[in-house]
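Topology and contacts: notes
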Amino acid sequence: EPEVTQTPSHQVTQMGQEVILRCVPISNHLYFYWYRQILGQKVEFLVSFYNNEISEKSEIFDDQFSVERPDGSNFTLKIRSTKLEDSAMYFCASSEALRDINGYTFGSGTRLTVV
Amino acid sequence: GESVGLHLPTLSVQEGDNSIINCAYSNSASDYFIWYKQESGKGPQFIIDIRSNMDKRQGQRVTVLLNKTVKHLSLQIAATQPGDSAVYFCAENIGTSYDKVIFGPGTSLSVIP
């Protein structure tokens, strides 16, 4: 079964450092998303991406965040200068169409720990 | 404002019994609802969805009920199995914002063998 792949599974970084979280969406999907989940809390929308541009973003997704699809297969989330409160599980997701009948397909996540 | 919430944060069920997980939503503009299952260390996994023009939808061992009058959503799992132990999230998608899914806080389901 096709899956969304995220790397690394766990990243530890020092406060103030830049991190790039990587995702390989399902190959025929056109819509890409990043969500995050602070430990024990609900999953929060960060950003959606379609046709090489951001289609929607939340209040969390400030100037410290950026996304990119550098080639035909990868989708990345960059945090420019990490803060302690950026520590969370970051999930990438993709979908074939808006509201496709099976919803999104999520990756297994990258656990980011900022120290 | 937009919010999706759950009545019960934790639920323990005997194996073989039916489980019911409840969810309340407050945004009347929501017109598409999804239930996700999240096992430890994994991302949310789609279980079942329902559009606002329906009040019931059935899948394999799962049924989602939607009551728009009281803005209530429930997930019923028949003959609960140990593999059903996970955190369950209801989520909503709003017609004016097709791109994002708003998750509720989650209910932890524990199945007692």
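Below: a short report on this structure. (Residues numbered from 1 in each chain as written. Chains lettered and ligands numbered in written order. Predicted model: local features only at pLDDT ≥ 70, side-chain atom pairs only at ≥ 80, totals over all residues. Heavy atoms only, no water.)

1. Considerations on the interface of chain B and chain A
The partner chain A presents 20 residues to the 24 residues of chain B that form the contact. Both sides of the chain B and chain A interface together cover about 1,900 Å² of buried area, and 50% of this is carbon and sulfur. Looking at the side of chain B facing chain A, the largest losses of area belong to Asp99, Lys100 and Phe103 of chain B, adding up to 30% of the total buried there. Linking chain B with chain A are 1 salt bridge, by the criterion used here. We note a salt bridge from Lys100 of chain B to Glu56 of chain A, for which the minimum N-O separation is 3.9 Å. Summed over the shared surface of chain B and chain A, the number is 2 residue pairs in polar contact (both at pLDDT 80 or more). When contributions to the side of chain B that touches chain A are tallied by element, the ones reaching two or more residues are β4 (30-38), β5 (45-51), β9 (86-94) and β10 (97-103) of chain B. The element that contributes the greatest number of residues to the side of chain B that touches chain A is β10 of chain B, accounting for 6 residues. (Contact = heavy atoms within 4.5 Å. Buried area = accessible area lost by both parts, 1.4 Å probe. Salt bridge = Lys/Arg side-chain N within 4 Å of Asp/Glu carboxyl O. Polar contact = N/O pair within 3.5 Å; in protein donor to acceptor, adjacent residues only side chain to side chain. Helix = DSSP H or I, 4+ residues; strand = E, 2+ residues; numbered from the N terminus.)

2. As for the side chain of Ser48 of chain A
Locating Ser48 of chain A in the fold gives a position in strand β5 (residues 43-50). At 2.8 Å, the side chain of Ser48 of chain A and the side chain of Ser55 of chain A are in polar contact. When neighbours within four sequence positions are excluded, Ser48 of chain A is seen to be in contact with Phe32, Tyr33, Glu53, Ile54, Ser55 and Glu56 of chain A together with Asp99 of chain B.

3. What about the packing of aromatic side chains?
All chains considered together, the criterion is met by 17 aromatic pairs over all chains. Between Phe32 of chain A and Phe75 of chain A, the ring centres sit 5.5 Å apart and the planes meet at 40°, which makes this aromatic pair tilted. Of this pair, Phe32 of chain A sits in strand β4 (residues 31-37) while Phe75 of chain A sits in strand β8 (residues 75-79); the two residues are 43 residues apart in sequence, bridging distant segments of the chain. Note on Phe91 of chain A and Phe106 of chain A: the rings are 6.4 Å apart at their centroids and 90° apart in plane angle, and the pair reads as edge-to-face. Of the two residues, Phe91 of chain A sits in strand β9 (residues 88-95) while Phe106 of chain A sits in strand β10 (residues 105-106), which places them 15 residues apart along the sequence. The exposure class of Phe106 of chain A is buried, given its relative accessible area of 9%. By the ring-pair criterion, three or more aromatic residues cluster together here, those being Tyr33, Tyr35, Phe45, Phe91, Tyr104 and Phe106 of chain A together with Tyr36, Phe89 and Phe103 of chain B. (Phe/Tyr/Trp six-rings, centres within 6.5 Å; stacked < 30°, edge-to-face > 60°. Buried < 20%, exposed > 50% of the residue type's maximum accessible area, 1.4 Å probe, protein only.)

4. Let's talk about the state of the cysteines
Residue and element names in this part refer to chain A. Here the structure, examined in full by the defined rule, presents 2 disulfides over all chains. The disulfide bridge from Cys23 ends at Cys92, spanning 2.0 Å between sulfur atoms. In this structure, the disulfide formed by Cys23 and Cys92 twists by about -65° around the S-S bond and is classed as left-handed. With Cys23 in strand β3 (residues 19-24) and Cys92 in strand β9, this residue pair connects regions lying 69 residues apart in the sequence. As far as burial versus exposure is concerned, Cys23 and Cys92 are alike and both buried. (Disulfide = S-S within 2.5 Å.)

5. A short note on the environment of Asp55 of chain B
All names here are of chain B. Following the sequence through the fold, Asp55 ends up in the loop between β5 and β6 (56-58). Taking the C-alpha atoms as reference points, Asp55 and Leu66, separated by 11 residues in sequence, lie 4.6 Å from one another. Sequence-distant contacts of Asp55, that is, excluding residues within four places in its chain, are made with Ile50, Val64, Leu65 and Leu66.

6. Structural notes on the pairing of strand β6 (residues 53-57) of chain A
Residue and element names in this part refer to chain A. Taken together, the 4 bridges between β5 and β6 define a ladder with antiparallel strand orientation. Note that in β6 the partner of Ser48 across the bridge is Glu56. Hairpin connection, β5 to β6: the antiparallel pair is bridged by 2 residues, and Asn51 has positive phi, about 55°. (Pairing = 2+ DSSP bridges.)

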